[in-house]
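One letter stands for each residue in the lines below.
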Amino acid sequence: MLKALHIINRVKISSRLNSLLYFIKKLPILKRKLRTTNYSFLKLKGAIGIISIPYNIVSTFLKGFLVFFTTMYLPSNFLAKEKAAIALPTLIFFFYFVLRLVSSYMLEFDLNKFIMVKQMRMNAREYSLATIFPEEILKLISKVIIFILFLEFGTFKMYGITLAISIFSFAMFTEAIHLYLFDKFDFTIYKHNVLLVILYLIIVFVGYILAFGSSIEIFFMILTSPVFFIVTIILGIWGSIYILKYKDYYRVINKTNNIEFLDNQKELTKDIYFNEVKIKEKDFSDEDLRIDKFTKKEGYSYLNAIFFDRHKKMVYKPMMIKSIFIAVLFIIAALVTELFHKEVGPIIGRFSYESFNMFVFLMYVLCNSQRLIKSMFYNCDLSLLRYGFYRRGDALLRMFFLRLLRIIYSNLVPTTVLVLGLGYNILKYTEMGFSDLIPIVLLLYALAMFFSVHYIFMYYIFQPFTSSLEVKSPFYSFINFLVYFISYMLIQVPAPSIVFLPMVIGFLLVYTAIAVILVYKKAPRTFRIK
Amino acid sequence: MELILEHICKSFDDKEVLSDINFTFQQGKIYALLGRNGAGKTTLFNILAEEIERDMGEAYLTIGGERKRLSIDDLSYMYSEPVLPDFLTGYEFIKFFMDINMDKLDADITIDDYFNLIDINESDRHKLIKAYSKGMKNKLQMLMFLIIRPPVILLDEPLTSLDVVVALEIKRLLREIRKDHIIIFSTHILQLAKDLCDEIVVLNEGVLSLLDRDHLENPNFEDEIIELLKEKDTNA
């Protein structure tokens, strides 16, 4: 088993170090320096293999801590502060015992098992034992530390240690039970995905309800009772013996990790990223597919018109919904102001003038075209980019501007509704005049332009998708996240004085202009299938 | 050495894919398992490799007159879609594979010898498998059975999507090792079957049948096979 453990660890650490180098090689600056570095530092990796032990300890601890802290400790201390002494043990009982009962590491599908046991022919029993025991023991150690640091209940000082041992023992018992059920009845919970999800939801739901909604102390009493400790220890010993004595691990791994399942899995996840933009044939009536609809258009504008026509649901429908939604909100606000609460209108007016930083996130939500970009790739460019005529510089630029115009149009409509609504409230209910309104209006339109251009600009410059439908460029995801993050964070900060607005607007317009120029200059080279 | 299949049956829901497979494969020959798309070639391989359960029947291996049930240790199965760890290099993968299978190794052959054998050059050895083409991944899969040399080798559509050079290299390798093994090679490409294999076994309508060797030389061979497959198809 030690040899197996050693090999498993080395494979893991090699994979991790390779992934790290792979990532570093993608970073600018370093990319060039490391171009000639290959992955052949195997000897070194062997030596570094030794650090896998502290690495595993730290990462298991961090993972365990994160789960404990976010799902149990934090909720019980903030949401139910006065009842934390009841809430925390209840949550611990549900998360570490009840939830554990419906999961089994041994029967879980895992690509590593497939590769290590079926491809590389490692002995299945050795593999299983060399993964389950060390992993559970690491978890035990990290729980001991976490509990000693954070648990304030319990009948004696080192109570955390006994609780961690109970959890460990119960885990061994659970694994043994799952193995037993599989051995005798071929039962594996992972074959019943729907059931599994329902069970998970029920357990988590009931756990939280009992933790926060009741004052039952029973779980506290169970967890702290010596009988519970002794029972879990006995179950754990039985479980460990069963696991150690179990013979047919090959059958377990073989049946729960077979090639058909793997192929299905691959098929399912192959283009999962594009699932939301897949076009279904039944979405179109014969009327929609009539060929004489766009006879006045030619070439690329014909293609573009058809594309947007077949994506009405994705472009114009959301546009109408957003516009109507905003309009209805303003109408309700106006009615409420006139009929019931006179202060609502002035609040909206003043708020939009003073907290204009909020508009960044609002416009981010309103003008997001990420989904449409995906659709452009999946439903159009993925296939057409293979042809020379479509890749020609002038053709690319023509498509870019045709698309951009449509996107701008779809963003301008809801933006205009928003501008009208805010303008109405500012002019009618505050002392601000028409000239004070101008910077706000300009800001909203500049933001609309910015978000319209940003995504399609990123798409044409990075073209992040590969022909196998993966997102390859880390920058694309990163920059999109950054835009989201900045937009969101701006909600948190107070708005700067309104004199800054021209600068902000100026920046947005300059960005937009530079983006368009960059696409013009670079896209013929960057817009390719990777 | 012989691989004997007896009464192997498999249905999915109410569709019978393999109805009664009886066949004996001999050592030293490369067999082409020829069938149309969806005929059940992969299903038969999956059954032999214990990836899926059979409804009925058994597979045996006789070595030196002694007959025993075919076990997973007796065979290597080269999947049509290679399943390999993306973030290891080819070299590391084979190194670990050799570490694990130490007891089955030929001590005189080094890891670099093996890579030379399948013609993966020095710098490609140390690239991530993630960056390998399908042909290279297939070569790695082949290397696995070249290293442990199991009696039975199953190759599921191995050459269908490979470039000419890789396909030729793999053909050459298979020919070199065939004397010690039973090699079965599934394909739906007739020319490939005729070109590489010693025998052609047709899987149609859930049944295996051996084509007469004399037929291979017959100028009307292709028409005959097409007739055979079509005829049964129209009967269905």
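Residues numbered from 1 in each chain as written. Chains lettered and ligands numbered in written order. Predicted model: local features only at pLDDT ≥ 70, side-chain atom pairs only at ≥ 80, totals over all residues. Heavy atoms only, no water.

A. View of the overall build of chain A. Scanning chain A for helices and strands turns up 23 helices and 0 strands. When each of the 530 residues of chain A is scored for burial, the buried share is 45%. A separation of at least 24 residues holds for 80% of the contacts in chain A among residues at least 6 apart in sequence. Looking at chain A as shown, the accessible area adds up to about 28000 Å², and 71% of this sits on carbon and sulfur atoms. (Helix = DSSP H or I, 4+ residues; strand = E, 2+ residues; numbered from the N terminus. Buried < 20%, exposed > 50% of the residue type's maximum accessible area, 1.4 Å probe, protein only. Contact = heavy atoms within 4.5 Å. Areas by Shrake-Rupley, 256 points an atom, 1.4 Å probe, with all protein chains shown as cover.)

B. Highlighting the interface of chain A and chain B. Chain A puts 32 residues into the contact, and the matching count from chain B is 35 residues. Interface area for chain A against chain B, summed over the two sides, is near 3000 Å², with a carbon-plus-sulfur share of 60%. Where chain A touches chain B, the interface holds 3 salt bridges. Elements with a minimum of two residues in the side of chain A that touches chain B: α1 (2–24), α3 (42–48), α6 (111–119), α12 (249–256) and α13 (259–270) of chain A. By residue number, the principal contributor to the side of chain A that touches chain B is α1(A), which donates 9 residues. A class-by-class count of the residues in the side of chain A that touches chain B yields 14 nonpolar, 10 polar and 8 charged. (Buried area = accessible area lost by both parts, 1.4 Å probe. Salt bridge = Lys/Arg side-chain N within 4 Å of Asp/Glu carboxyl O. Nonpolar A, V, L, I, M, F, W, Y, C, P; charged D, E, K, R; others polar.)

C. The packing of aromatic side chains, seen in detail. One pass over the structure, following the stated rule, counts 57 aromatic pairs over all chains. Taken together, the ring pairs connect A:Phe93, A:Phe94, A:Phe97, A:Phe170, A:Phe173, A:Tyr180, A:Phe219, A:Phe228, A:Trp238, A:Tyr242, A:Tyr246 and A:Tyr249 into an aromatic cluster. Positioned over the ring face of B:Tyr60 is B:Arg67, at 3.9 Å from the centre of the ring. (Phe/Tyr/Trp six-rings, centres within 6.5 Å; stacked < 30°, edge-to-face > 60°. Lys NZ or Arg CZ within 6 Å of the ring centre and 35° of its normal.)

D. Expanded view of the sheet that holds strand β4 (residues 56–63) of chain B. All names here are of chain B. The 4 strands lie next to each other as β2-β1-β4-β5, forming an open sheet whose pairing is antiparallel. Only two strands of the sheet have a single neighbouring strand rather than two, namely β2 (15–26) and β5 (66–69). Taking the axes of each pair of neighbouring strands and ignoring which way they run, one obtains an average angle of 20 degrees across the sheet. Two strands pair when backbone bridges link them, and strand β1 (residues 2–12) and β4 are joined in this way by 6 bridges, in the antiparallel orientation. Residue pairing in the sheet places Cys9 in a bridge with Met56 of β4. Helix α1 (residues 41–48) rests against β1, β2 and β4 of the sheet, and its axis sits at about 115 degrees to β1. (Pairing = 2+ DSSP bridges. Axes fitted to C-alpha atoms, helices over the stretch in contact; angles between N-to-C directions.)

E. Expanded view of the pairing of strand β8 (residues 182–187) of chain B. All names here are of chain B. Along β8, 6 of the 6 residues are buried, which leaves the element largely enclosed by surrounding structure. Alternating positions in β8 separate into two faces, Ile182, Ile184 and Ser186 on one and Ile183, Phe185 and Thr187 on the other, with burial throughout. Relative to β8, strand β3 (residues 30–34) runs parallel, the two sharing 5 bridges. Residue Tyr31 lies in a different strand from β8, and its bridge partner there is Ile184.

F. Structural context of the pattern of salt bridges. Under the criterion given, the structure shown has 30 salt bridges over all chains. With a shortest N-O distance of 3.4 Å, A:Glu338 and A:Lys428 are connected by a salt bridge. Highlighted residues: A:Glu338 in helix α15 (residues 312–339) and A:Lys428 in helix α20 (residues 393–429), separated in sequence by 90 residues. Given the relative accessible area of 46%, A:Lys428 is considered partly exposed. As a salt-bridge pair, A:Arg403 and A:Asp381 come within 2.8 Å of each other at their nearest N and O atoms. Taken together, the residues span a long stretch of sequence, with A:Arg403 in helix α20 and A:Asp381 in helix α18 (residues 370–384) at a distance of 22 residues. Assigned by exposure class, A:Arg403 and A:Asp381 land together as buried. Among the ionic contacts, a cluster of salt bridges with common partners joins A:Asp186, A:Asp248, A:Arg251, A:Lys255 and B:Glu53.

G. Seen up close, the side chain of A:Asn258. Of note, A:Asn258 is situated in the loop between α12 and α13. We classify A:Asn258 as buried; its relative accessible area is 16%. Every residue in contact with A:Asn258, bar those within four places of it in the chain, is listed here: A:Phe114, A:Lys118 and B:Glu51.

H. Broad picture of the packing of α15(A) against helix α16 (residues 344–354) of chain A. Residue and element names in this part refer to chain A. Packing of α15 against α16 brings their axes to within 7 Å, and their N-to-C directions diverge by 130 degrees. Here α15 lies oblique to α16, going by the angle between them. Contacts between α15 and α16 involve Phe330, Ala333, Val336 and Thr337 from the former and Val344, Gly345, Pro346 and Ile348 from the latter. Here the contact of α15 with α16 is composed, by residue class, of 6 nonpolar, 2 polar and no charged. (Parallel < 35°, antiparallel > 145°, perpendicular 65-115°, else oblique.)

I. Local environment of the sheet that holds strand β7 (residues 152–156) of chain B. Residue and element names in this part refer to chain B. Read across the sheet, 6 strands follow the order β6-β7-β8-β3-β9-β10 without closing on themselves; strand pairing throughout is mixed. Looking at which strands have only one partner, the edges of the open sheet turn out to be β6 (75–78) and β10 (207–210). The sheet shows a mean angle of 20 degrees between the axes of neighbouring strands, direction not considered. Pairing between β6 and β7: 4 bridges, direction parallel. Directly across from Leu75, in β7, lies its bridge partner Val152. Against the sheet, helix α5 (residues 134–148) makes contact with β6 and β7, and its axis sits at roughly 175 degrees relative to β6, the strand it touches most.

J. Broad picture of helix α5 (residues 84–101) of chain A. Residue and element names in this part refer to chain A. For α5, which comprises 18 residues, the first-to-last C-alpha distance of 25 Å matches the rise-based estimate of 26 Å (1.5 Å per residue) to within 8%. At Phe94, α5 is deflected by roughly 25 degrees, the largest bend along its length. With respect to burial, α5 is a largely interior element, 15 of its 18 residues being buried. (Expected span 1.5 Å × (residues − 1). Bend = angle between axes of the 7 residues up to and from the residue.)

K. Region of the structure containing the confidence of the model for chain A. In the predicted model, chain A carries a mean pLDDT of 84, and the fraction of residues at 70 or more is 91%. When mean pLDDT is compared element by element in chain A, helix α11 (residues 226–245) of chain A scores highest at 96, while α3(A) scores lowest at 62. (pLDDT = per-residue confidence, 0-100.)

L. Summary view of the pairing of β10(B). Bridging between strand β9 (residues 199–204) of chain B and β10(B) involves 4 bridges; their strand directions are antiparallel. Within β10(B), the residue paired with B:Val201 across the bridge is B:Leu210.

M. Examining the environment of A:Val419 more closely. Residue and element names in this part refer to chain A. Its place among the elements puts Val419 in helix α20. Among the residues examined, Val419 registers a relative accessible area of 11% and is labelled buried. When the C-alpha positions of Val419 and Leu442 are compared, they lie 9.5 Å apart, and in sequence the two are 23 residues distant. Residues contacting Val419, with those up to four places away along its chain left out, are Val441, Leu444 and Tyr445.

N. Looking closely at a nonpolar patch on the surface. There is a patch of nonpolar side chains on the surface, built from A:Phe478, A:Phe481, A:Leu482, A:Tyr484, A:Phe485, A:Ile486, A:Tyr488 and A:Met489 and spanning about 720 Å² of accessible area. For A:Tyr484, a relative accessible area of 32% puts it in the partly exposed group. (Patch = residues over 30% accessible without salt bridge, like charges linked within 9 Å, V, L, I, M, F, W, Y side chains within 5 Å.)

O. Expanded view of unusual backbone geometry. At A:Gln463, a residue that is not glycine, the phi angle is positive and equals roughly 30 degrees. Tracing the chain through its elements places A:Gln463 in the loop between α21 (434–462) and α22 (474–492). One non-glycine residue, B:Asp119, lies in the positive phi region at around 65 degrees. Following the sequence through the fold, B:Asp119 ends up in the loop between α3 (111–117) and α4 (122–125). Classification of B:Asp119 by relative accessible area gives partly exposed; the value is 46%.

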